[in-house]
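Chains, contacts and geometry: an overview
For reference, the chains in residue letters:
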Amino acid sequence: MEPDELLEGLTEPQREAVVHGDGPLLVLAGPGSGKTRVITHRAAYLARTITHARHILAITFTNKAAREMAERMERLDVGPGLTCSTFHSFCARSLRMYGDRAGIKPNFSIFDEADQQQAMKAAIRQAELSEENFTPARMLHKISRLKNAMILAEDFAQQAQGWEDRAVARIYLAYQQVLKAQNALDFDDLLVEMALLLGRDPELRDHLNDRYRYVLVDEYQDTNHAQYLIARGLALNHENLCVTGDPDQSIYAWRGANLQNILQFEEDFPKAKVIRLEENFRSTPQILDAADAVIKHNRKRKRKALFTCNPAGPPVRVARCEDQHAESAFVAREIKKHVNAGGRYDDVAIFYRTNALSRNIEAALRNATIPYQIARGVAFFQRTEVKDVLAYLKVVANPLDTVSLERIINTPARKIGKTSVERLFACARQRGRPPQALLERPEDIPDIPKAAVKGMKSLMSLLAGIAEAAEHGAVRDAVEYVVMNSGLLSHHHDSADSSAVENMNELISAAAQYDRQHPDGDGSLTDWLTQVALVSDVDAIDPEVGAVTLMTLHAAKGLEFNHVFMVGLEDGLLPHQRSREENGDIEEERRLCFVGMTRARRALTMTYAKWRESRGISQRTTGSQFLHELPREGIEQITVHDEEEEWRYDREVDEAPLDDAYEWREGQMVRHPDYGTGQIQALEWTGRGTRARVRFKAIGDMTIYLQYSNLEPLEFEEMD
DNA sequence: GGTCCAACATTTTTT
DNA sequence: ATGTTGGACC
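So, how was this worked out
Residues numbered from 1 in each chain as written. Chains lettered and ligands numbered in written order. Predicted model: local features only at pLDDT ≥ 70, side-chain atom pairs only at ≥ 80, totals over all residues. Heavy atoms only, no water. Helix = DSSP H or I, 4+ residues; strand = E, 2+ residues; numbered from the N terminus. Rg over C-alpha atoms; globule rule 2.2 N^0.38 Å. Buried < 20%, exposed > 50% of the residue type's maximum accessible area, 1.4 Å probe, protein only. Contact = heavy atoms within 4.5 Å. Areas by Shrake-Rupley, 256 points an atom, 1.4 Å probe, with all protein chains shown as cover. Lys, Arg positive; Asp, Glu negative; His and termini not counted. Charge placed at Lys NZ, Arg CZ, Asp CG, Glu CD. Near = heavy atom within 4 Å. Polar contact = N/O pair within 3.5 Å; in protein donor to acceptor, adjacent residues only side chain to side chain. Pairing = 2+ DSSP bridges. Axes fitted to C-alpha atoms, helices over the stretch in contact; angles between N-to-C directions. Phe/Tyr/Trp six-rings, centres within 6.5 Å; stacked < 30°, edge-to-face > 60°. Parallel < 35°, antiparallel > 145°, perpendicular 65-115°, else oblique. Nonpolar A, V, L, I, M, F, W, Y, C, P; charged D, E, K, R; others polar. Core = buried A, V, L, I, M, F, W, Y, C linked by side-chain atoms within 4.5 Å. Salt bridge = Lys/Arg side-chain N within 4 Å of Asp/Glu carboxyl O. Disulfide = S-S within 2.5 Å. pLDDT = per-residue confidence, 0-100.

**Thoughts on the overall build of chain A**
Secondary structure assignment for chain A yields 29 helices and 24 strands. Taken over C-alpha atoms, the radius of gyration comes to 28 Å for chain A, in line with the 27 Å a tight globule of 720 residues would show. Burial status across chain A gives 55% buried among its 720 residues. Here the analysis covers contacts within chain A between residues at least 6 apart in sequence; of these, 72% occur between residues at least 24 apart. Carbon and sulfur atoms make up 47% of the accessible area of chain A, which amounts to about 32200 Å² in all. Of note, chain A has its 89 positive side-chain charges centred 4 Å away from the centre of its 109 negative side-chain charges.

Structure, rendered in structure tokens:
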């Protein structure tokens, strides 16, 4: 392919971004503006003209995005040696290669959430604080935020003010000690250590700068400070850093993403060229207008002109449903209609704010025999039996990994009781040696019952067998060896949950697939474990699987579907209640809504339920304020009733102003059990919920919180 | 060491 | 309402 062919069919700004040669480049790309196309064509163009594929590094946030990008670049014939990777896997790989320069052993374990939890419990104990007051989950979150901001344990210990922060600092220090002792890094450490390494080791930095002469970071608006330092460090010498992103799609501030990274790019890199991609090639004008109307309500925002030349499509629909059952049944019915009219299941996606909302939808889809896939890739790897198998392999790969050792030492049972385990760990601490080293001679550990000694010996020979299998064979062989010889198979075979055995077999298949991807024997157990540790929810989604896709709004970023349903558009759900509480950010919720809406190509349906059941109780809801922010025109309203097991809905296309879709609106007549009838004068969304100023006929103006009052909307004919 | 029951919380979003 | 965890009991 000739370089010029790569420019065919591109708009002027797209073309400019593709041909931009050396120097920093910021591509501000609105939703559906062909960003991925620009990135892939740019990489191919660079590889064709001024560099080689092996000097190009593209960093994304999910494996799925990395995989897709690599495939698309391959199709453009970019050449061999290109690196497409997520931040985390790039860091993990680099640290395995170069970490020894910073005292990190190459076989380090990567601790997932459950592992972190265990390590944190140990740390809290070590810091002599109670799990009651310092819950592991909260501490992990706090420490994660600190790490994302590159505040190390030592730094924080120095600056911590007040009793609580000083306690957190002690826990942070202890936690890092626990990880260090186990030769383990958590997700955040991968970034932190890489950023530190780049900062402290100029020689390595130069080496990497020379290897990766063109660095490309996607979704730059979601980078945290550590990721920012990594991107900068990788491009320090050549400044060939191309970042793409959209401030309006920043949805990870809660996880430490720093919007300033993208907003201040031009100040960071004064020579930066800035290109705006504002033409949308994805959605209908109705969808784009609706999304634009919502996002315009954000104050902290740079104005951006979104436009599309796409032909008009059906109106954006807002469906008010009686309750969550009516809602999910409506969605299922609409999907059926779509398919009966010749549409495909994989045209359709359903988004929700919280994972808990998927349950109803799933039930309705199953009921209607609609095939669906759900973005829950990590769930598989969190299954007990899968975690067990992996823990054996992790112990073999990294003998210092005590969290994993503790998991498997007596699973399946080999007569090593809780007390024996405690004595083993106590003895290890006392002698300053790792527990697994003591297991070489279990009879030397004081007060261990004979049976336990025997169990420890059999565990050690099992581990030796796994190590042997891992050394000589493919990863598949090692995994299979664990499943076959650990006793886990029979342990789970007669358990009530028959899927356990299937899952272990599936894990073997996953390893086999990995082996096939590494036919030259360049794969390794450690590498596979890394890959497995870094899978994300969306990674499991196959866009062409012939099924409806279910996912959270967060997971939806970067994807697109012909028909999108967004459910649960309710006050407290989207925007989520938590965004109202301390340091919450309602604007981030609005961006989340914007991201969801702009995933839709042809059709967008937003639903909400008047009654929603959560935790066993049904509660009256209020429509999301974002619905009120939709434009006045081009919206179709649907009311979904629940009538005698027959789901029916009425339509009022464009006949009434949008506000009629909601029972709570200015001018609405209402009845209060104590104050009688009145009219809503004003509505306001506050920290405590939706607040209405009502002018009652009998007593005058009152301020009422909708969710706490038994206010009832009155139909026209009911008014006195 | 395994099973069963009761108490408990339910995590917004995730690499 | 439901799933998880911890403790009591076998």
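**Points about the protein's contact with DNA strand B**
Inspection of the region around DNA strand B gives 22 residues, with His88, Arg353, Lys415, Ser536 and Arg578 positioned closest. Taken together, the sugar and phosphate atoms account for 59% of what DNA strand B places within 4 Å of the protein. Contact distances for DNA strand B include 2.8 Å between a base oxygen and a side-chain N or O atom of His88. Between Lys415 and DNA strand B, the recorded distance is 3.2 Å, taken from a backbone N or O atom to a phosphate oxygen.

**Some remarks on the sheet that holds strand β6 (residues 214-217)**
Strand order in the open sheet formed by six strands is β3-β2-β6-β7-β1-β8, with parallel pairing between adjacent strands. Strands at the two margins of the open sheet, each flanked by one partner only, are β3 (83-86) and β8 (273-277). Ignoring strand direction, the axes of neighbouring strands in this sheet form an average angle of 15°. Relative to β6, strand β2 (residues 56-60) runs parallel, the two sharing four bridges. The residue of β6 that forms the bridge with Ile56 is Tyr214.

**A look at the packing of aromatic side chains**
Scanning the model with the defined rule gives six aromatic pairs in all. Between Tyr220 and Phe265 the ring centres are 5.9 Å apart and the planes differ by 85°, which places this aromatic pair in the edge-to-face class. Taken together, the positions of Tyr220 in the loop between β6 and α11 (225-234) and Phe265 in helix α13 (residues 265-268) put the pair 45 residues apart, joining distant regions of the chain. Considered together, Tyr220 and Phe265 belong to a single accessibility category, that of buried residues. Aromatic pair Phe351 and Phe561: ring centres 6.1 Å apart, planes at 70°, arrangement edge-to-face. Placement of Phe351 in strand β12 (residues 348-352) and of Phe561 in strand β15 (residues 561-566) is noted, with a sequence separation of 210 residues between them.

**Some words on the packing of helix α5 (residues 113-126) against helix α6 (residues 136-148)**
Axis separation between α5 and α6 bottoms out at 9 Å; the angle between their running directions is 100°. It follows that α5 is roughly perpendicular to α6 by the angle criterion. Residues Gln116, Gln117, Met120, Lys121 and Ile124 of α5 form the contact with α6, whose participating residues are Pro136, Ala137, Met139, Leu140 and Ile143. Taken together, the residues of the contact of α5 with α6 break down into seven nonpolar, two polar and one charged.

**Considering the environment of Val545**
By secondary structure assignment, the location of Val545 is in the loop between α26 (525-533) and β14 (548-552). Val545 gets classed as partly exposed once you look at its relative accessible area, which sits at 44%. Separated by 398 residues in the primary sequence, Val545 and Lys147 place their C-alpha atoms 38 Å from one another.

**Looking at the nonpolar core**
Counting 47 residues, the largest nonpolar core has Leu393 and Trp528 as its most contacted members. Looking at this core, the elements that each hand over two or more residues are α17 (377-382), α18 (384-397), α19 (402-408), α20 (418-431), α22 (450-472), α23 (475-485), α25 (499-517) and α26. With near-sequence residues (within four places) excluded, Leu393 lies in contact with Ile466, Ala478, Val479, Val482, Leu525, Trp528 and Leu529. Judged by nonpolar contacts, the second largest core, of 43 residues, contains Leu26, Leu28, Ile59 and Val217.

**A word on the pattern of salt bridges**
For the structure shown, the criterion picks out 40 salt bridges. Put simply, Lys64 and Glu68 hold a salt bridge, and the shortest N to O gap is 2.8 Å. With Lys64 and Glu68 both in helix α3 (residues 63-75) and four residues apart, this pair spans about one turn of that helix. The closest approach of N and O atoms between Arg612 and Glu570, which form a salt bridge, is 2.7 Å. Separated by 42 residues along the polypeptide, Arg612 in strand β16 (residues 600-614) and Glu570 in the loop between β15 and α28 (586-597) bring together distant segments of the chain. Of the two residues, Arg612 and Glu570, neither departs from the other in class, the shared state being buried.

**A closer look at the state of the cysteines**
Every disulfide links exactly two cysteines, by a covalent bond between their sulfur atoms. Scanning the model with the defined rule gives zero disulfides in all. A disulfide-free cysteine, Cys242 has its sulfur positioned 13 Å from the sulfur of Cys84, the nearest such atom. Since its relative accessible area comes to 4%, Cys242 is described here as buried.

**Considering the confidence of the model for chain A**
Confidence in the prediction of chain A, expressed as mean pLDDT, is 85, and 92% of residues score 70 or more. With pLDDT under 50 throughout, residues 643-661 is counted as low confidence; its partners more than four residues away or in other chains account for 48 contacts.

**Points about the environment of Ala70**
Mapped onto the secondary structure, Ala70 falls in helix α3. Residue Ala70 is classed as partly exposed on the basis of its relative accessible area of 23%. Remark: the alpha-carbon pair of Ala70 and Lys415, spanning 345 residues in sequence, is separated by 49 Å.

**Considerations on the packing of helix α14 (residues 285-295) against α28**
Viewed as axis vectors pointing N to C, α14 and α28 meet at an angle of 175°, and their least axial separation amounts to 9 Å. Between α14 and α28, the angle is such that the two are roughly antiparallel. From α14, Ile287, Ala290, Ala291, Asp292, Val294 and Ile295 reach across to α28, where they touch Arg590, Arg591, Cys593, Phe594 and Met597.

**Focus on the side chain of Ser33**
Tracing the backbone through its elements, the reader meets Ser33 in the loop between β1 (25-29) and α2 (35-49). In this structure the side chain of Ser33 is engaged in a polar contact, spanning 2.6 Å, whose partner is the backbone oxygen of Gly30. Ignoring anything within four residues of it in the chain, the contact list for Ser33 reads Gln14, Leu277, Glu279 and Phe281.

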